[in-house]
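Now for the letters of each chain:
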Amino acid sequence: MKVPADVRSAAEAQLAGLSPHRRDTFGLRLERWWEDLRVALAELYDDPDAVARRLVAVAAAGYAARTDDLHRLDERRLLEPDWLQQPRMFGYACYTERFGGDLTGLRDRLDHLEDLGVTYLHLMPLLQPREGDNDGGYAVADYRTVRPDLGTTEDLAELAAVLRGRGISLVIDLVLNHVAREHEWARRARAGEQAYVDYFHVHPDRAVPDAYEATLPEVFPDFAPGNFTWDEELRAWVWTTFNEWQWDLNWANPAVLVEFADIVVTLANLGVEVLRLDAIAFVWKRLGTTCQNQPEVHAVTQALRAVARLAAPALAFKAEAIVGPRDLVQYLGLGAHAGRVSDLAYHNSLMVQVWSMLATRSTALTRHALAALPAAPPTSTWITYARCHDDIGWAIDDGDAAAVGLDGGLHRRFLADWYAGEFPGSWADGLVFQHNPETGDKRISGTAASLVGLPEDTDGGLARMFLAHAIVAGWGGIPVVWSGDELGQPNDPQWATEPGHEDDNRWAHRPRLDPARAVQRHDLRTVPGRVFSGLAHLARVRAGLPQLHAAAPSEVLGDTDDGVLACVRRHPSGPMVTLYNVTPTPRPFPMHRLGECGLGSPYDALGGHPVTCGEDGQVWLPPYAAWWVVDGAGPRSH
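Before going into details, it helps to say that this report is about the structure given with it. (Residues numbered from 1 in each chain as written. Predicted model: local features only at pLDDT ≥ 70, side-chain atom pairs only at ≥ 80, totals over all residues. Heavy atoms only, no water.)

1. What to know about the pairing of strand β24 (residues 618–621)
By the alternation rule, side chains of β24 split into Val 619 and Leu 621, which are all buried, and Gln 618 and Trp 620, of which none is buried. In terms of strand pairing, strand β21 (residues 587–590) meets β24 through four bridges, oriented antiparallel. Within β24, the position partnered with Arg 587 by the bridge is Leu 621. (Buried < 20%, exposed > 50% of the residue type's maximum accessible area, 1.4 Å probe, protein only. Helix = DSSP H or I, 4+ residues; strand = E, 2+ residues; numbered from the N terminus. Pairing = 2+ DSSP bridges.)

2. Observations concerning helix α22 (residues 527–543)
Taking 1.5 Å per residue as the helical rise, α22 with its 17 residues ought to reach 24 Å, and the 25 Å between its terminal C-alpha atoms agrees with that figure. Residues of α22 that are buried include every one of Pro 528, Gly 529, Val 531, Phe 532, Gly 534, Leu 535, Ala 536, Leu 538, Ala 539, Val 541 and Arg 542, and no others. Measuring from the side-chain oxygen of the N-cap residue of α22 to the backbone nitrogen of Gly 529 gives 3.0 Å; that N-cap residue is Thr 526. (Expected span 1.5 Å × (residues − 1). Polar contact = N/O pair within 3.5 Å; in protein donor to acceptor, adjacent residues only side chain to side chain.)

3. Section: the packing of helix α15 (residues 348–360) against helix α18 (residues 408–419)
Packed helices, taken two at a time, are described by their axes: the angle between them and the distance between them. One way to put it is that α15 packs onto α18 with a least axis distance of 10 Å and a crossing angle of 75°. Taken as axis vectors, α15 and α18 run roughly perpendicular relative to one another. Here α15 contributes Trp 355, Ser 356, Leu 358, Ala 359 and Thr 360 to the contact with α18, which in turn contributes His 411, Phe 414, Leu 415, Trp 418 and Tyr 419. Counted by class, the contact of α15 with α18 contains seven nonpolar, three polar and no charged residues. (Axes fitted to C-alpha atoms, helices over the stretch in contact; angles between N-to-C directions. Parallel < 35°, antiparallel > 145°, perpendicular 65-115°, else oblique. Contact = heavy atoms within 4.5 Å. Nonpolar A, V, L, I, M, F, W, Y, C, P; charged D, E, K, R; others polar.)

4. Section: the sheet that holds strand β19 (residues 564–571)
Spatially, β18-β19-β20-β25-β22-β23 is the arrangement adopted by the six strands of the open sheet, whose pairing is antiparallel. Two strands close off the open sheet at either side, each with one partner strand: β18 (554–556) and β23 (609–610). Note: β19 against strand β20 (residues 574–581), eight bridges, orientation antiparallel. If you follow Val 568 over to β20, its bridge partner there is Val 577.

5. Notes on unusual backbone geometry
In the Ramachandran plot, Arg 235 falls in the positive-phi region, its phi being about 55° despite a non-glycine side chain. With respect to the helices and strands, Arg 235 occurs in the loop between β8 (228–231) and β9 (236–239). With a phi angle near 55°, Asp 559 is a residue other than glycine that sits in the positive phi range. Taking the relative accessible area as the measure of exposure, Asp 559 reaches 76% and is therefore exposed.

6. So, the pattern of salt bridges
This structure, assessed with the given rule, holds 47 salt bridges. Residue Glu 31 is joined to Arg 8 by a salt bridge in which the shortest nitrogen-to-oxygen separation is 3.3 Å. You can see Glu 31 sitting in helix α2 (residues 20–44) and its partner Arg 8 sitting in helix α1 (residues 5–15), a full 23 residues away along the chain. Linking Arg 147 and Glu 97 is a salt bridge whose minimum nitrogen-to-oxygen distance equals 3.4 Å. (Salt bridge = Lys/Arg side-chain N within 4 Å of Asp/Glu carboxyl O.)

7. Quick notes on the packing of α2 against helix α3 (residues 48–65)
Contact geometry for α2 and α3: axes closest at 10 Å, N-to-C directions at 145°. The two elements α2 and α3 cross, and the hand of that crossing is right-handed. Here Arg 22, Thr 25, Phe 26, Arg 29, Leu 30, Trp 34, Leu 37, Arg 38, Leu 41 and Ala 42 of α2 come into contact with α3, specifically with Pro 48, Asp 49, Val 51, Ala 52, Leu 55, Val 56, Ala 59, Ala 60 and Tyr 63. When grouped by side-chain class, the residues that make up the contact of α2 with α3 number 14 nonpolar, one polar and four charged. (Left-handed = near helix turned anticlockwise from the far one by under 90°.)

8. Considering the nonpolar core
In terms of nonpolar packing, the biggest core is built from 197 residues, with Trp 251, Phe 260 and Tyr 419 touching the most fellow members. The element best represented in this core is helix α12 (residues 254–268), accounting for 11 residues. Of all hydrophobic cores here, the second largest spans 16 residues; its members include Leu 579, Leu 594, Cys 597 and Leu 621. (Core = buried A, V, L, I, M, F, W, Y, C linked by side-chain atoms within 4.5 Å.)

9. Describing the sheet that holds β8
Taken in spatial order, the three strands line up as β7-β9-β8 in an open sheet, and their pairing is antiparallel. This sheet does not close on itself; its edge strands, each paired only once, are β7 (202–203) and β8. Two strands pair when backbone bridges link them, and β8 and β9 are joined in this way by four bridges, in the antiparallel orientation. Within the sheet, the bridge partner assigned to Asp 231 lies in β9 and is Ala 236.

10. Some points on the packing of aromatic side chains
Summed over all chains, the structure comprises 23 aromatic pairs. Ring centres of Trp 418 and Trp 427 lie 5.5 Å apart, and the angle between their planes is 85°; this geometry places the pair in the edge-to-face category. Trp 418 gets classed as buried once you look at its relative accessible area, which sits at 7%. Site record: aromatic cluster; members linked through ring pairs are Trp 355, Trp 394, Phe 414, Trp 418, Tyr 419, Phe 423 and Trp 427. Directly above the ring of Phe 99 sits Arg 109, whose terminal nitrogen or CZ lies 5.9 Å from the centroid. Taking NZ or CZ as reference, Arg 464 lies 4.1 Å from the ring centre of Trp 427, over its face. (Phe/Tyr/Trp six-rings, centres within 6.5 Å; stacked < 30°, edge-to-face > 60°. Lys NZ or Arg CZ within 6 Å of the ring centre and 35° of its normal.)

11. Remarks on the side chain of Thr 560
Of note, Thr 560 is situated in the loop between β18 and β19. Side chain to side chain, Thr 560 and Arg 367 meet in a polar contact 3.5 Å long. Beyond its immediate sequence surroundings of up to four residues, Thr 560 is in contact with Thr 363, Arg 367, Ala 566, Phe 589 and Arg 593.

12. Some remarks on the side chain of His 509
Relative to the helices and strands, His 509 resides in the loop between β17 (478–482) and α21 (515–519). Reaching out from His 509, the side chain makes a polar contact with the backbone oxygen of His 389 at a distance of 2.7 Å. Look past the residues within four positions of His 509 in its chain and what remains in contact with it is Arg 387, Cys 388, His 389, Asp 390, Asp 391, Ser 445, Gly 446, Thr 447, Trp 482 and Asn 491.

Following this line, the structure appears as structure tokens:
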């Protein structure tokens, strides 16, 4: 598809003053990515050419403003397009203020991250939110300003440069679905500027909202029921999926896309390497649906991704789509959007299945559910995790449950009761979040330590903690550890004492990093030392195993003992079989199956020992064992 002359002119106007080489580089990128941009816009808008001219001008201006070191980063990433898929990638997520106080203080704690093996750092929302309750920072009032208590945009750029020097990529959030009521766009809408009223979904009466509500779920039924809010200043109903002070944006208006394209380029030019596209599943509205996972969502992402590739190809996108298993892989790009949308997506299903296996001591549901998922596109990969900053919603597919003889609804309620510590025999100490009596939906908050029962059962809790993180680290993709979990921190008993937190128990699993525990991280006589060393060991071993390159998918092996999850990864360097015993008793795995997978001299890279069997031909996995089995004659890490 040829780039129109007027589009080239729009770009050239922004590139004046650059060297011929720089101008030529942008021109080559425009030729390469023009079709991706134009096709996506045609799916969204009536006049895609006009929108394309504006977006190319935005990209060219951002490219022209990019610093030499970031241009060099672009070249490095283009030479290693699979950088996010490399086994060396190991992630960490935290709130800046709860980990290091502010952006400057965080720099003083980078040794902590390097000791753990971190190469990917996700700092939770740090752009200027509304004052007061702000949904943990996800009610953004200004996308171009850092929270004053954390620092400045200059501090953020300096931190990004320091992280790059240490081999750590900076990740921050970009909230796409909504802005704070206090955002300039919303203020100008309330002031009567029609151009900004059109940035939102605004209705003079309840007719249209009620039509939508017939099929819309409630995200926060406890404290934010319904999806529309009457605004007295605007004298209209405004779409507010999450909270009354978070106004949903109208992405059917191309001006919204242009605004966000400029924000994307601005953040990339501060040195941000990954943008987490928050609430991406909600951005497109369609009457008669849940207004989630609409096909236009992927066209929006493709358009933004094309702009980023023009201006800052080192920037990657991560889709925050906590959706059902069948919808999940769409966010990595299938069909016409393959290779054109997000580079990363959260593997929510794997997280849920890890907790399901630990509670049930059975892998039957997990084997069926994970085997049924489509493979990730070869150019993209998963973010895997035992937990995150959010609550755990029990995304168990009813069809998957029925296939193994379970009732989906009953199983979801069992998991909620188990992790709330309300089921007989449970070792967990989670908190119920957003119980909806009408639907029976009951989600759970809790740190990993509290969910695995570490405070009350040290040995069992440590074993379950390591096993959970080994499963997510051995699946492929980028495993991410949530702040505090690497030290075995339990739920924060004072979570409700901070203003604005008292109605949201998710703050129980967002504790401030405990400095006393952090000091103990290398002391194996302590629980923090044992947890930290275990997770750091996972990162070190991962980095030395080419089989954990994310392009080699994990294939679930069927017909195993009910307590064993076994997967094979096939890579040109050789195969790898991951074996996990999710029970507190020894479980068998047939030795011949390792041979059938191509392992002539099986060796557990995690444990550092050969894998042998007894006269019965069975390999016996110890309680809660996690083995990454490779060929003993091949590469391995100790």
